[in-house]
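Secondary and tertiary structure notes
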Amino acid sequence: MSQIYASLFTFVGTLLVIGAGSWQWRRTQAREQSKEYRAKRIEYLSTVWTRLSEVESAFRQVARFGEGPIPLGAEERREVNLLLIDAAPFLLKDEREWALSIVEEIIEISTLILHAKAPPDWWISSISQPEATSTSANAAQRLQYARQQLGQRYAAVTRGRHD
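With that out of the way, let us pick up the environment of Thr135. You can see Thr135 is positioned in helix 5 (residues 133–159). A residue is classified by how much of its surface remains accessible, and Thr135, at 35% relative accessible area, is partly exposed. Spatially, the C-alpha atoms of Thr135 and Leu112 are 8.5 Å apart, while their sequence positions differ by 23 residues. Thr135 has contacts with Glu108 and Leu112, leaving out every residue within four places of it along the chain.

Dropping the structure here:
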């Protein structure tokens with residue numbers, strides 16, 4: 001009878017060891033997948049942030065020096081939209097909305113400047129007030145808010161304080 005108990009105890013012990021090993025293996029796999037996802041998420045957030053910053057910077061430079069057309073044309077919109085489509089699995093809904101808001105506000109401000117409803121130097125200086133103060137100021141405020149929110153999220157994700 002003691003041999004039966006010993007065999008049964010050995011069998012149960014083996015099952016427990018196999019179960020614990022399987023559980024540990026799944027945890028390890030999930031952790032590795034999470035690290036890969038997090039790395040991709042940081043990479044895409046970085047790419048989106050960099051591209052949006054480049055678009056805004058180019059727009060501000062052109063507005064400052066008055067050289068050529070306002071840069072946020074169809075090509076830039078297409079590039080940003082394609083980037084957001086590629087990054088979609090790694091961006092949260094609010095992050096995509098902030099990125100789109102940045103683009104839309106730059107478009108609105110560029111349209112105001114292009115149609116001479118706001119002077120170009122307004123965009124580079126906070127002192128002068130454009131003729132279309134309420135429209136352009138609201139667009140600039142929404143742009144700043146979206147950029148701030150996306151920037152804070154990007155920083156939080158990079159620091160590991162947000163998923």
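And the narrative resumes.
Before going further, it helps to spend a moment on the nonpolar core. Of all hydrophobic cores here, the largest spans 26 residues; its most connected members are Val48, Leu52, Ile102, Ile109 and Leu150. Mapped by element, the contributors of at least two residues to this core are helix 1 (2–65), helix 2 (74–87), helix 3 (93–114) and helix 5. Here the element with the most residues in this core is helix 3; it accounts for 8 residues.

Quick look at the packing of aromatic side chains now. Per the stated rule, a full pass over the model turns up 3 aromatic pairs. Measuring from ring centre to ring centre gives 5.4 Å for Tyr37 and Phe90, while their planes differ by 35°; the resulting arrangement is tilted. One end of the pair, Tyr37, is in helix 1; the other, Phe90, is in the loop between helix 2 and helix 3, with 53 residues separating them in the sequence. Seen from their ring centres, Tyr44 and Phe90 are 5.1 Å apart, and the 10° between their planes marks the pair as stacked. Taken together, the positions of Tyr44 in helix 1 and Phe90 in the loop between helix 2 and helix 3 put the pair 46 residues apart, joining distant regions of the chain. The same class applies to Tyr44 and to Phe90, which are both buried. In textbook terms, an aromatic cluster arises when at least three aromatic residues are bridged by ring pairs, as seen for Tyr37, Tyr44 and Phe90.

Each value, and the rule that gives it
- Residues numbered from 1 in each chain as written.
- Predicted model: local features only at pLDDT ≥ 70, side-chain atom pairs only at ≥ 80, totals over all residues.
- Heavy atoms only, no water.
- Helix = DSSP H or I, 4+ residues; strand = E, 2+ residues; numbered from the N terminus.
- Buried < 20%, exposed > 50% of the residue type's maximum accessible area, 1.4 Å probe, protein only.
- Contact = heavy atoms within 4.5 Å.
- Core = buried A, V, L, I, M, F, W, Y, C linked by side-chain atoms within 4.5 Å.
- Phe/Tyr/Trp six-rings, centres within 6.5 Å; stacked < 30°, edge-to-face > 60°.

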